Amino acid sequence: MGCDVMTRKIAVLGGDRRMIAATAFLLKRGYEPFVFGIPAPLLPPGAKVAELPAALSDAVAALLPLPAFKEGELFCPLLPPETRKPKISELGLLFPSGALLAGGMLPESSGLFATNHTFFDYAKDDVFQEKNATPTAEGDAAAVLWHGTQTETEEKRNACAT
């Protein structure tokens, strides 16, 4: 008697520190993230680093960054600039048919949407925008306050030195 086991594999492709946080989120919820485009030392324990074909093989979903692509290539700012980043067209060919492809600012004119996949552009989603607004605003405000404090301290030092 066979047992149908649902795969918990999700490909996490490229991105910045937000994708590292997303990887940790998936791990805490029992998913098996296979990561491409982020250096291993930056990833939380338990994340599996994989080449693109292995990351996408048998994945039920792929999570792409915001923005998903830059100049037609997967957005991978944490990789060295000389590292080859996959083109949009490569993802459609490697991704399992019918699986979910979620990313931010997915380019509709890329031809990617002509493939047999389900797409979700979370940057267009009201819930995502609301959830994203608070930490983004708090981070922005903290940076301004920190920079302002540093500038004030420097100005005080300069004033005292004269």
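Quick look at the structure, then. (Residues numbered from 1 in each chain as written. Predicted model: local features only at pLDDT ≥ 70, side-chain atom pairs only at ≥ 80, totals over all residues. Heavy atoms only, no water.)

### Topic: the side chain of K85
Next up, step 1: Take K85: it is sitting in the loop between strand 6 (73-74) and helix 3 (88-94).
Next up, step 2: Salt bridges are absent for the buried K85, whose nearest opposite-charge side chain, E73, sits at 5.8 Å.
Next up, step 3: Side-chain polar atoms of K85 contact the backbone oxygen of P80, separated by 3.2 Å.
Next up, step 4: Reaching out from K85, the side chain makes a polar contact with the backbone oxygen of P81 at a distance of 3.4 Å.
Next up, step 5: Ignoring anything within four residues of it in the chain, the contact list for K85 reads E73, L74, C76, L79 and P80. (Helix = DSSP H or I, 4+ residues; strand = E, 2+ residues; numbered from the N terminus. Buried < 20%, exposed > 50% of the residue type's maximum accessible area, 1.4 Å probe, protein only. Lys, Arg positive; Asp, Glu negative; His and termini not counted. Salt bridge = Lys/Arg side-chain N within 4 Å of Asp/Glu carboxyl O. Polar contact = N/O pair within 3.5 Å; in protein donor to acceptor, adjacent residues only side chain to side chain. Contact = heavy atoms within 4.5 Å.)

### Observations regarding the packing of aromatic side chains
Next up, step 1: Counted under the stated rule, the structure contains one aromatic pair.
Next up, step 2: Here Y122 and F128 contribute two aromatic rings whose centre-to-centre distance is 4.8 Å and whose plane-to-plane angle is 55°, an arrangement assigned as tilted.
Next up, step 3: Given the relative accessible area of 23%, F128 is considered partly exposed.
Next up, step 4: In this structure, R8 packs its charged tip against the face of Y31, placed 4.0 Å from the ring centre.
Next up, step 5: Cation over ring: K9 sits above F34, and NZ or CZ is 4.3 Å from the ring centre. (Phe/Tyr/Trp six-rings, centres within 6.5 Å; stacked < 30°, edge-to-face > 60°. Lys NZ or Arg CZ within 6 Å of the ring centre and 35° of its normal.)

### Quick word on the side chain of K9
Next up, step 1: Note on placement: K9 falls in strand 1 (residues 9-13).
Next up, step 2: Look at K9: it is buried, it has no salt bridge, and the nearest opposite charge is D58 at 5.6 Å.
Next up, step 3: Polar side-chain contacts of K9 include one of 2.4 Å to the backbone oxygen of S57.
Next up, step 4: Sequence-distant contacts of K9, defined by excluding residues within four places in its chain, comprise E32, F34, A54, A55, S57, D58, A59, V60 and A61.

### Points about the nonpolar core
Next up, step 1: Within the largest apolar cluster, 22 residues are counted, with the highest numbers of intra-cluster contacts made by L13, L56, A62, L64 and F69.
Next up, step 2: Listing elements by their share of this core, those giving two or more residues are strand 1, strand 2 (32-36), helix 2 (52-56) and helix 3.
Next up, step 3: Leave out the neighbours within four places in its chain, and L64 touches L13, M19, F69, L74, L91, L101, A102, G103, G104, L106 and Y122.
Next up, step 4: Counting ten residues, the second-largest nonpolar core is a separate cluster that includes I10, V35, I38 and A61. (Core = buried A, V, L, I, M, F, W, Y, C linked by side-chain atoms within 4.5 Å.)

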